[in-house]
Amino acid sequence: ITFNQIKILSTQLSTPSCLGYPVSIFFIVVNEFCERFSYYGMKAVLVLYFKYFIGWDNDLSTTIYHTFVALCYLTPILGAIIADSWLGKFKTIVYLSIVYTIGQVIMAISAIHDITDTNRDGTPDNMTFHTAMSMLGLILIALGTGGIKPCVAAFGGDQFEEHQEKQRSTFFSIFYLSINAGSLLSTLITPILRAQECGIYSKQSCFPLAFGVPAALMVVALIVFIAGHNMYIMESPKGNILLQVMKCIGFAIRNRFNHRSKQHPKREHWMDWAEEKYDKLLIAQVKMVLKVLFLYIPLPMFWALFDQQGSRWTLQATTMDGNFIVNPILIVIMVPIMDSAVYPLIKKCGLNFTPLRRMTVGMLLASLAFVAAALLQIQIDRTVPNFPSSSQTQVKFLNLENTPVPVVVEGQEPFVVPGFNVSSHNGTSNSIKQFLKEFVNGFRSHLNFSVKSDHLGPIAPLQASDYFSVTHGKASFTIENEEGQTCHYILQLGFGSSYTVLIPNTFTFGESCTENIKAIQDINPNDIHMAWQVIQYFLMTCGEVVFSVTGLDFSYSQAPSNMKSVLQAGWLLTVAVGNIIVLIVAEAGSLPEQWAEYVLFACLLVAVSIIFAVMAYFYTYMDPAEIEAKFMELEPDDKKRKELEMMTKDNLAYVNNETSNNTDVKQTKI
C-alpha cells in the first residue's frame, strides 16, 4: 500500500460524504446561491437608484454602473493574493464577506431618503451624503464580492480528492447553477420590492427594501459558510506566491537579457534562466501558470459580447412588446441538460470534446447570438417610424380655445405656442422608450401640462404644443388651469407610436375630467414581441454554459496546487477586461445602425475564436500534481541544499546592508 493510498483512505474516513460528494460542498453551494442573490439583486436596481434617487443622467448612471462591475472583476487578484499568501481561502472568504455585508448595509442606508429629508417633502436635502454613502458601499461591495470570487470556487474544488475528478467537474456545474438560480430569483424579486412605496414622512420608491433584502441574504450566506467550518478541507497558505512568481519572472527576463550573446547556450524554456536563483519546482509551477494565462488573452472578447445582454440587448428589448426575463431561466435549464445529456451523448459518438474545444464552440455560439440579434434589429427598424434622428421624436399639443397653455418638455426650456397653428418642434430625449405625442387644447383658457415632474409649458387656446417625447408604458399627465385646478390623465403608450391628444371646449375639471379628453393614435406602436429575443438568448446561454462552466473547471485543473486562486483570479480578470472593452466602445461611439454594430461584434468574436482555436490546438494538457511530484522526489539533503541556496540568494541585499563589507556573499552563513 502506497503512501498516497493511505492518505486517500484516511481522508475518506475523516471527511463526511453524501452520494459520493463531500458534505462540505453543500454549505459552499448554499453560500454561493445567497451571495449571488445579494449581488445580482442589488445590481438589478442599481442604475434605477442612480437615475431616480441620486438624480444622475443616463450616461453617468451607465458609466458608474459598468465601472463598478469592472471593479468587481479586478479585485479578485487581491483576494487571491490574500488567500494564497496570508490568510488561506477560508479566512479570506469569511473576512471579506464581512466587508461585503457592511457594504450592502451601507447601500441600504444610503437609499433612505428620510435621513436628510428635513422639510419632509419626499426629496433628500443633502444628496452629497447619500452619494458618498452609496459610493462607499459600492467600493466595499466590490472589494468583498471580488475578493471572494477566486476563493469560493477554488475552495470548493479543494474539498475533492484526486480520484474524484468526475465529482469535481459536476460540482462546478452545480456551482454555476447556484449562481444563476440566485440571479434568477433576485432579478425577479428586487424590482418588485423597489416598486413598493415606503418611507417615514413621505412614501417613495422603496430602494431601502430593494437593497436591504440582498444585505440580509449576504448575512445568511456568511452564517451558512461559517456553519460548515468543521467539515472543510483547509489548505494552509503557501506563502507570498504571487510575489515569488513576479520575482521569478523578472529574474528570468533580466538573466536572459544579460546572457543574450551567442556564446551562452540556449535553454529549453526562457523561464529556465531563473534556475541560478530559484527552485526548479517554482519554475515549473510558473511555467504552468504562464501557459494557461497565455490562453486567456483572447477570452475578454467573449465577455465583451456577453455583458451586452445587460445593455444593448436590454435597450433592444425596450423597443419591443412584452416583458420577461430570459437568461437566468435558460441557464437553470441548460446547465443540467448539457452536463447530463449533451456531453455524454458527444462522448458516446466518439468525439474528443476537450475543454478548450468546448470553449471555442461557446465563443462561436455567442457570435451566432449576435447575428440573431442583428437580424432581429433589422426587423425592428422596419417597423419603427423613421424619425428625424435616432434620438428624436415628435409630439404636439393643439389648443382650440382663446387662452394659452404653458408647456415644459424634459431636457428643454419651457415654450408657448402662439396663435391657432400647428407647430413642429423636434424634442431630443434621453430616453430610449419613445413615442410621438401631441396635445391639442380646445379649452377656453390657458392650460399647463406636465408629465411627472416635467412641465410641458403653457398652451394657449386653439393652439398646438410642440412635439415632445415620453417614456413608453403607462404615462401620467397633469393638466392645470390658471386657478390651480388639476386633472390627472393616464395613457398607455407603445414604443414608436404617435398620439394626438385633443382637449375639447367641453372639458371640465373634476373627478370625471378625463372623460372628454380624446387620444388619437396617428402611428401604431411596434408590435414585434420580445419573445423573438429567445433565439439570441438561447444561443448566448448555450455559449455561456459551454464556455464559462468549462473555463472554471479548466482553470482549476491546470493550476499548480499553491496557485489555484491566482489562476481563478486571472480567469475573472478576463471578465473585467471585457467590461472595459464595452466601456471603450460605448465612449468611442457606435455605428449609425445598431444591427451593423451587432454584426461587427460577431465578426470580431469569430476572428478571436479562430485565434483561440489555433492556440488551443498547440496546447498540451498538464497534470500539475504529476509534474510537481517529479520535483518532490528530490533527496532530503538535496532539497535542504536547494532551500539554503534560495534563502542565501534571496537575502543577498539584506546581508550586504548588515555586514557593510566586501565579503563574498556566497560564503555568508544564513
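Since the model is a prediction, treat every value here as computed from it, not as a measurement.

Q: Report on a nonpolar patch on the surface, specifying residues and quantitative values.
A: Residues Leu71, Leu74, Leu573, Val577, Ile580 and Ile584 make up a contiguous nonpolar surface patch of roughly 440 Å² in combined accessible area. Within the residue set of the nonpolar patch, elements represented by two or more residues are helix H4 (58-74) and helix H17 (564-588). Per-element accounting of the nonpolar patch gives the leading share, four residues, to H17. Note that Leu71 resides in helix H4.

Q: Could you give an account of the packing of aromatic side chains, naming the residues involved and the relevant values?
A: In the structure shown here, the tally under the stated rule is 34 aromatic pairs. Judged by centre distance (6.3 Å) and plane angle (75 degrees), the ring pair of Phe53 and Phe207 falls under edge-to-face. Linking Phe53 in helix H3 (residues 46-54) with Phe207 in helix H9 (residues 207-227), this pair joins segments that are 154 residues apart in sequence. Owing to a relative accessible area of 3%, Phe207 belongs among the buried residues under this scheme. Between the aromatic rings of Phe90 and Phe155, the centroid separation amounts to 6.4 Å while the plane-to-plane angle is 40 degrees, which identifies the pairing as tilted. Here Phe90 is found in helix H6 (residues 89-110), whereas its partner Phe155 is found in helix H7 (residues 127-158), with 65 residues between them in sequence. You'll find Phe90 and Phe155 in the same group, each marked buried. Through a chain of ring-to-ring contacts, the aromatic side chains of Tyr49, Phe50, Phe53, Trp56, Phe207 and Phe211 assemble into a single cluster.

Q: Describe helix H5 (residues 76-87), with residues and values.
A: Owing to its 3.6 residues per turn, the α-helix brings residues three or four apart onto one side. Residues Pro76, Gly79, Ala80, Ile82, Ala83, Asp84 and Leu87 constitute the buried set of H5. Just past H5, the residue Gly88 takes up positive phi, approximately 90 degrees.

Q: Residue-level account of the packing of helix H2 (residues 24-44) against H7, with values.
A: For the pair H2 and H7, the least separation of the axes is 11 Å and the interaxial angle reads 150 degrees. What the angle tells us is that H2 and H7 run roughly antiparallel. Pair H2 / H7 crosses with left-handed handedness. Taking contact as the criterion, the partners of Ile25, Ile28, Asn31, Glu32, Glu35, Arg36, Tyr39 and Met42 in H2 are, on H7, Leu138, Ile141, Thr145, Ile148, Lys149, Val152, Phe155 and Gly156. Of the residues contributing to the contact of H2 with H7, the split by class is nine nonpolar, three polar and four charged.

Q: Describe the state of the cysteines, with residues and values.
A: Here is the idea: a disulfide is a covalent bond, and it sits between the sulfur atoms of two cysteines. With the rule as written, the count across this model stands at two disulfides. Disulfide pairing is shown between Cys198 and Cys206; the S-S distance is 2.1 Å. Its S-S torsion of approximately 105 degrees makes the covalent link between Cys198 and Cys206 right-handed. Judged by its relative accessible area of 5%, Cys206 is buried. The disulfide partner of Cys487 is Cys513, and the S-S distance across this bridge is 1.9 Å. With the S-S dihedral at roughly 85 degrees, the linkage between Cys487 and Cys513 falls on the right-handed side. Here Cys487 is found in strand E13 (residues 486-493), whereas its partner Cys513 is found in the loop between strand E14 (498-503) and strand E15 (518-523), with 26 residues between them in sequence. Both residues of the pair, Cys487 and Cys513, belong to the buried class. When the cysteines of the protein chain that form disulfides are numbered from the N-terminus onward, they connect as 1-2, 3-4.

Q: Requested: an account of the packing of H6 against H9, with residues and values cited.
A: When two helices pack together, their arrangement is given by the angle between their axes and by how far apart the axes lie. Closest axis-to-axis distance for the H6/H9 pair is 8 Å, and the angle between their directions is 165 degrees. When the axes of H6 and H9 are compared, the pair comes out roughly antiparallel. Of the two elements, H6 crosses H9, and the hand of that crossing is left-handed. Residues Phe90, Ile93, Val94, Ser97, Ile98, Tyr100, Thr101, Gln104, Val105, Met107 and Ala108 of H6 form the contact with H9, whose own contacting residues are Pro208, Phe211, Gly212, Pro214, Ala215, Met218, Val219, Leu222, Phe225 and Ile226. Grouping the amino acids of the contact of H6 with H9 by side-chain chemistry returns 17 nonpolar, four polar and no charged.

Q: An account of helix H8 (residues 165-195) is requested, with residue identities and associated values reported.
A: With 31 residues, H8 should reach 45 Å at 1.5 Å per residue; the first-to-last C-alpha distance of 46 Å fits that figure. A maximum bend of about 25 degrees is found in H8 at Ser186.

Q: Outline the pattern of salt bridges, supporting the account with residue identities and numerical values.
A: Here the structure, examined in full by the defined rule, presents five salt bridges. Arg36 serves as the salt-bridge partner of Glu35, at 2.7 Å between the closest nitrogen and oxygen. Each of the two residues, Glu35 as well as Arg36, counts as buried.

Q: Talk me through the confidence of the model for the protein chain; I want residue IDs and the actual numbers.
A: Where the model shows low pLDDT, its predicted coordinates should not be examined in detail. Mean pLDDT over the protein chain stands at 76; residues scoring 70 or higher make up 73%. Across residues 6-13, confidence stays below pLDDT 50; counting only partners more than four residues off in sequence or on other chains, it has five contacts. Predicted confidence is poor over residues 635-670, with pLDDT under 50, and the contacts of this stretch with residues over four places away or in other chains come to 18 contacts.

Q: Would you mind going over a negative patch on the surface in detail, with residue names and values included?
A: Taken together, the side chains of Glu162, Glu165, Asp623 and Glu626 make up a negatively charged region of the molecular surface. Following the sequence through the fold, Glu165 ends up in helix H8.

Q: If you had to explain empty space enclosed by the protein to someone new, which residues and values would you point to?
A: Evaluated as defined, the whole model comprises two cavities of 30 Å³ or more. There is about 60 Å³ of room inside the largest cavity. Around the largest cavity, the lining comprises ten residues; the ones closest to its centre are Ala83, Asp84, Lys89, Ser236 and Pro237. Residue composition of the lining of the largest cavity, grouped by class: two nonpolar, four polar and four charged.

Q: Could you give an account of the environment of Ile109, with specific residues and numbers?
A: Here Ile109 is to be found in helix H6. Given the relative accessible area of 32%, Ile109 is considered partly exposed. Expressed as a C-alpha distance, the spacing of Ile109 and Phe207, which sit 98 residues apart in the sequence, is 9.4 Å.

Procedures and definitions
- Residues numbered from 1 in each chain as written.
- Predicted model: local features only at pLDDT ≥ 70, side-chain atom pairs only at ≥ 80, totals over all residues.
- Heavy atoms only, no water.
- Patch = residues over 30% accessible without salt bridge, like charges linked within 9 Å, V, L, I, M, F, W, Y side chains within 5 Å.
- Areas by Shrake-Rupley, 256 points an atom, 1.4 Å probe, with all protein chains shown as cover.
- Salt bridge = Lys/Arg side-chain N within 4 Å of Asp/Glu carboxyl O.
- Helix = DSSP H or I, 4+ residues; strand = E, 2+ residues; numbered from the N terminus.
- Phe/Tyr/Trp six-rings, centres within 6.5 Å; stacked < 30°, edge-to-face > 60°.
- Buried < 20%, exposed > 50% of the residue type's maximum accessible area, 1.4 Å probe, protein only.
- Axes fitted to C-alpha atoms, helices over the stretch in contact; angles between N-to-C directions.
- Parallel < 35°, antiparallel > 145°, perpendicular 65-115°, else oblique.
- Left-handed = near helix turned anticlockwise from the far one by under 90°.
- Contact = heavy atoms within 4.5 Å.
- Nonpolar A, V, L, I, M, F, W, Y, C, P; charged D, E, K, R; others polar.
- Disulfide = S-S within 2.5 Å.
- Expected span 1.5 Å × (residues − 1).
- Bend = angle between axes of the 7 residues up to and from the residue.
- pLDDT = per-residue confidence, 0-100.
- Lys, Arg positive; Asp, Glu negative; His and termini not counted.
- Charge placed at Lys NZ, Arg CZ, Asp CG, Glu CD.
- 1 Å grid on protein atoms, 1.4 Å probe; cavity = no way out; pocket = protein on both sides within 12 Å on 5 of 7 lines; lining within 4 Å.
- Points joined across faces, edges and corners; volume = space filled by probe spheres on them.

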